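Residue-level structural notes
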Amino acid sequence: MCETIKMSTIGFIGAGITGTALATRLDQQGYNITAVSSRTLASAEKLAERMKHCQVYTTSQEVADNADIIFITTPDDVIGEIAARIRWHKGQCIVHCSGAHSTDIIEPAKEFGADTGCFHPLQTFASIQQAIENLPGSTFAIEAQEPLLSILKGMSRAIGGYWVILKAEDKVLYHTAAVFACNYLVTLTKLATDLWQDFGISQEQAIKALLPLLRGTLSNIENIGLPNCLTGPIARGDLGTVKKHIEALEKENPHLLNTYKQLGLQTLPIALAKGKINPGKTQELQDILSKQKQGALI
Ligand SMILES: NC(=O)c1ccc[n+]([C@@H]2O[C@H](COP(=O)([O-])OP(=O)(O)OC[C@H]3O[C@@H](n4cnc5c(N)ncnc54)[C@H](OP(=O)(O)O)[C@@H]3O)[C@@H](O)[C@H]2O)c1
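On to the pattern of salt bridges, then. Overall, the coordinates contain four salt bridges when judged by the stated rule. A salt bridge links Asp170 to Lys167; its shortest N-O distance comes to 3.9 Å. A salt bridge links Lys190 to Asp194, with the nearest nitrogen and oxygen atoms 3.0 Å apart. With Lys190 and Asp194 both in helix H8 (residues 171-198) and four residues apart, the pair spans about one turn of that helix. Classification of Asp194 by relative accessible area gives partly exposed; the value is 26%.

As structure tokens, this is what we get:
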């Protein structure tokens, strides 16, 4: 960390999961976290207790008056109104951690001569402790101009993470990708456990059984990579098995049929790229997965 940044004071507005985890990791790396406020005093106090020298303030304006770099780590929906309400100072850096929004939502800070940036940890945080543990190794999507860009790159490195630079117009697609990889993985796991309940096994038992499969899949993605990590009937070109899945869903879980077929169609190019099925087999699978049942509404 360069000396100038070491001397900079850092404030947090919003002492929830992301704010507390980020402040904790930065504090551990020698950054100077000096000011915090939150909607409730209790959250701000809890964050401050983890820091070496951090003052709790009752208003966000006081945080803005007492720090050089200010992170707004509130829910996305209030970041804009907080940024618009505060009287910022020339030369300050204002940063939010939303994945979906660009720096546009904190644009009012620029009118005071402040620099603005986004610093989005590409991670899923369900609790403060888990967030502190998972921050190292995570990638941070940064949107900022120099000199703030270098400051944020330095922070991601200090935390033990990586960074990618995004333009404002990239943010929505970037966040959509995160929803596919994170949130919809949860949805797919839930759908799988629902099917297990159909043959009489509880969600708890199903999760226990499916977790090693999920971990194995993640390990294959990490160690073998796309497209070779793909296994299963589509990767093998097992037409008969895919047909049986479709028939079973038509009979017992018709509400899942469209999802199964759509995901199957998206899996075909991966299987083709893996090279175990040829274009002819791919076409046959595509026909089965695209075929609508007579009278079906989907
Ligand atoms: N959770 C994730 O997985 C994740 C991952 C990456 C990025 N992020 C981003 O991080 C940011 C914070 O999300 P989070 O999950 O950390 O939310 P969170 O745990 O709900 O924390 C938000 C905090 O903001 C405070 N707050 C709410 N309204 C406020 C206001 N008007 N003024 C001041 N403080 C206010 C709340 O304070 P009190 O506790 O005092 O009520 C709460 O502790 C969001 O931009 C989110 O997109 C989240």
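Before going further, it helps to examine the site of the ligand. Around the ligand, the structure places 23 residues, and the nearest of them are Thr18, Thr40, Ser43, Asp76 and Phe125. With respect to the ligand, the backbone of Gly16 contributes an N or O atom lying 3.2 Å from an oxygen atom. Surface burial for the ligand is 79%, taken as the share of its 890 Å² of free accessible area covered by protein chains. Of all the elements in the fold, those that place two or more residues in the shell around the ligand are helix H2 (17-28), helix H5 (76-85) and strand E6 (115-121). At four residues, H5 tops the list of elements feeding residues into the shell around the ligand. A per-class count over the shell around the ligand returns nine nonpolar, 12 polar and two charged.

So, on to the pairing of E6. Most of E6 sits out of view: six of its seven residues are buried. In this sheet, E6 lies alongside strand E5 (residues 93-96) in parallel orientation, the contact comprising four bridges. Residue Ile94 lies in a different strand from E6, and its bridge partner there is Thr116. The pairing of E6 with strand E7 (residues 139-144) spans five bridges and is classified as antiparallel. Its bridge partner being in E7, Pro121 is matched across the sheet by Phe140.

A general trend in soluble globular proteins is that nonpolar side chains are found buried together. In terms of nonpolar packing, the biggest core is built from 34 residues, with Phe12, Leu22, Phe71 and Met155 touching the most fellow members. Broken down by element, the residue count for this core peaks at five residues, all from helix H7 (residues 148-158). The contact partners of Phe71, leaving out residues within four places of it in the chain, are Ile10, Gly11, Phe12, Ile13, Leu22, Leu26, Val95, Cys97, Phe119, Leu152 and Met155. In terms of nonpolar packing, the next biggest core, distinct from the first, is built from 17 residues, Ala64, Ile70, Ile82 and Ala114 among them.

Moving on, we come to the state of the cysteines. Taken as a whole and judged by the stated rule, the model has zero disulfides. In this structure Cys97 is not part of a disulfide, and its nearest cysteine sulfur, from Cys118, lies 8.5 Å away. In this structure Cys182 is not part of a disulfide, and its nearest cysteine sulfur, from Cys97, lies 16 Å away.

The omega torsion of the bond from Glu146 to Pro147 falls at 5 degrees, within 30 degrees of zero and hence cis. Relative to the elements of secondary structure, Pro147 occurs in the loop between E7 and H7.

On to the domain arrangement of the chain, then. Segmentation of the chain into domains returns domain 1 (2-166) and domain 2 (174-297). Its C-alpha centre places domain 1 at a distance of 39 Å from the equivalent point of domain 2. Residue-level contacts link seven residues of domain 1 with four residues of domain 2. Summed over both sides, the interface between domain 1 and domain 2 buries roughly 470 Å², with carbon and sulfur atoms accounting for 76% of that surface. The largest per-residue losses of area from domain 1 upon contact with domain 2 belong to Gly99, Leu122 and Leu166, which jointly make up 52% of the total buried on that side. Across the contact surface, domain 1 and domain 2 share zero salt bridges. Tallied by class, the residues present in the side of domain 1 that touches domain 2 amount to four nonpolar, three polar and no charged.

Time to look at the packing of aromatic side chains. How two aromatic rings sit relative to each other is given by the distance of their centres and the angle of their planes. One pass over the full model with this rule turns up five aromatic pairs. Ring centres of Phe71 and Phe119 lie 6.1 Å apart, and the angle between their planes is 55 degrees; on these two criteria the pair is classed as tilted. Note that Phe71 is positioned in strand E4 (residues 69-72) and Phe119 in strand E6, a separation of 48 residues in sequence. For the pair Phe71 and Phe119, a shared accessibility class is recorded, and that class is buried.

With that settled, the discussion passes to the sheet that holds E7. Spatially, eight strands are ordered E3-E2-E1-E4-E5-E6-E7-E8 in an open sheet, and the strand pairing comes out mixed. Because the sheet does not close on itself, it has two edges, and the strands there are strand E3 (55-56) and strand E8 (162-165).

When the terminal C-alpha atoms of helix H11 (residues 239-252) are compared, their 20 Å separation across 14 residues agrees well with the 20 Å that a helix rising 1.5 Å per residue should span. The complete set of buried residues in H11 reads Leu239, Val242, Ile246 and Leu249. All buried residues of H11 lie within an arc of 95 degrees about the axis, which places them on one face of the element. Of the exposed residues in H11, those oriented more than 90 degrees away from the buried face are Lys244, Lys251 and Glu252. Looking at the buried residues of H11, the elements they touch are H8, helix H10 (233-236), helix H12 (257-274) and helix H13 (279-290).

Criteria and cut-off values
- Residues numbered from 1 in each chain as written.
- Predicted model: local features only at pLDDT ≥ 70, side-chain atom pairs only at ≥ 80, totals over all residues.
- Heavy atoms only, no water.
- Salt bridge = Lys/Arg side-chain N within 4 Å of Asp/Glu carboxyl O.
- Helix = DSSP H or I, 4+ residues; strand = E, 2+ residues; numbered from the N terminus.
- Buried < 20%, exposed > 50% of the residue type's maximum accessible area, 1.4 Å probe, protein only.
- Near = heavy atom within 4 Å.
- Polar contact = N/O pair within 3.5 Å; in protein donor to acceptor, adjacent residues only side chain to side chain.
- Areas by Shrake-Rupley, 256 points an atom, 1.4 Å probe, with all protein chains shown as cover.
- Nonpolar A, V, L, I, M, F, W, Y, C, P; charged D, E, K, R; others polar.
- Pairing = 2+ DSSP bridges.
- Core = buried A, V, L, I, M, F, W, Y, C linked by side-chain atoms within 4.5 Å.
- Contact = heavy atoms within 4.5 Å.
- Disulfide = S-S within 2.5 Å.
- Domains from an automatic or database assignment.
- Buried area = accessible area lost by both parts, 1.4 Å probe.
- Phe/Tyr/Trp six-rings, centres within 6.5 Å; stacked < 30°, edge-to-face > 60°.
- Expected span 1.5 Å × (residues − 1).
- Arc of directions from axis to C-beta.

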